Amino acid sequence: MFIKSITELIGQTPLIDLQLDIPNHSRIFAKLEMFNPGGSIKDRLGQFLINDGIARHVITAETVIIEPTAGNTGIGLALAAQQHHLRTILVVPEKFSYEKQQLMQALGAEIVNTPSSAGIKGAIAKAKALAAEIEHSYVPMQFANPANPETYYQTLAPELIQDLNGEKITAFVAGAGSGGTFSGVAKYLNAYDATIQNIVVEPEGSILNGGPAHGHRTEGIGVEFVPPFFEDVRIDRTMTISDEDAFHQVRDVAARLGLFIGSSSGAALAASLKLAKTLPENSHIVTIFPDSSERYMSDKIYEK
Ligand code: MET
């Protein structure tokens, strides 16, 4: 394969049949998004948000990009912004992994940290405040921009259909942070086959199940407010997964399948396995593995 820019490698990731031994012969397929060049599913989003801003003339040569992020969206944005030499400021709650923050800076982005206790809402507020101060700034705002679900509607979702080559999908299972991946893919899949069930995954401490908001170790998913993108998508079930269950899967797939996955992938797999038990024989579950464990080594992701 010959390429002229690393960004040519965004998308067209593999879909793996995990070949798990599930008693009712159901199969779980996972989209391996860690194979994007920036190491996560958010490369797709970064590229789409920058191209969308340029197409709408809200991004010009002098624009300063500002975005609140848990890190992966920041890496994706920094990668795309670098191609256009755009100054990029990423607002990141300090709790998010050291590796992700180093990678954003290595790509040339500046980081502004906000207190972990203020959550992602604190980072959103800080990004808005910076945008009000800094001239020629543009906040893509992944938490509200319809281009976020649109990214996955146009790229990842059709890839799933192609990858499966006509195999029926029983359920789509995905975590939600901004909610863009879940909503965009669910919408596309339901237009293709309305019988596909959409299952959203959150860690304990996220609010979708009505429980109290609190911190969790599972990183990159979990919401402090219901994503606006959920308004026009059918959610068949919300599954709340403990950190313990998510990290158990992280260790298990490394040991058994040779796969390095982050904790949001671990949560998606834990939910898929629980769901499989409730589905008919020979069901097909499709899920997403957003990133790799390698960007969480400083958080001791493999230690019990
Ligand atoms: N996963 C998205 C990001 O990396 C949203 C995180 S919200 C917990 O920015």
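The paragraphs below set out a description of the structure included in this document. Computed from a predicted model, the values in this text were never measured in an experiment.

**Considerations on the sheet that holds strand 9 (residues 237–241)**
Taken in spatial order, the six strands line up as 1-2-10-7-8-9 in an open sheet, and their pairing is mixed. Each edge of the sheet is formed by a strand with only one pairing partner; in this case those strands are strand 1 (15–17) and strand 9. In this sheet, adjacent strand axes meet at a mean angle of 25 degrees when their direction is disregarded. Of the strand pairs in this sheet, strand 8 (residues 197–203) and strand 9 are connected by five bridges, and their pairing is parallel. Counterpart to I199 in the pairing with strand 9 is R237. Most of the contacts of helix 7 (residues 180–192) go to strand 7 (residues 171–175), to which it runs at about 170 degrees, and overall it touches strand 7, strand 8 and strand 10 (284–289).

**Re the nonpolar core**
Core analysis: the biggest nonpolar cluster contains 44 residues, and I50, F172 and V185 have the highest contact counts within it. Here this core spans two domains, and each of domain 1 (6–41 + 147–299) and domain 2 (42–138) adds at least three residues to it. The next biggest cluster of nonpolar side chains, apart from the first, holds 31 residues, and it includes I221, V250, F289 and I301.

Definitions and limits used
- All residue numbers refer to position in the chain's written sequence, counted from 1.
- Selection of residues for local features in this predicted model requires a pLDDT of at least 70, selection of side-chain atom pairs for listing and counting requires 80 or more, and totals for whole chains, interfaces and linings are taken over all residues.
- Hydrogens and water molecules were not included; the side-chain quantities draw on all heavy atoms of the structure.
- In this analysis, strands are considered paired if DSSP registers two or more bridges between them.
- Going along the chain from the N terminus, every DSSP run of H or I of four or more residues is numbered as a helix, and every run of E of two or more is numbered as a strand.
- Helix axes use the C-alpha atoms of the stretch in contact, all axes being lines fitted to C-alpha atoms, and the angles between their N-to-C directions lie in the range 0 to 180 degrees.
- Contacts are residue-level and defined by heavy atoms, with any inter-residue pair within 4.5 Å sufficient.
- In plain words, nonpolar cores are sets of buried Ala, Val, Leu, Ile, Met, Phe, Trp, Tyr and Cys residues tied together by side-chain atoms within 4.5 Å.
- Each residue's exposure class comes from its accessible area (1.4 Å probe, protein chains only) as a fraction of the maximum for that residue type: buried when under 20%, exposed when over 50%, partly exposed otherwise.
- Note that the domain bounds reflect an automated or database-derived domain assignment.

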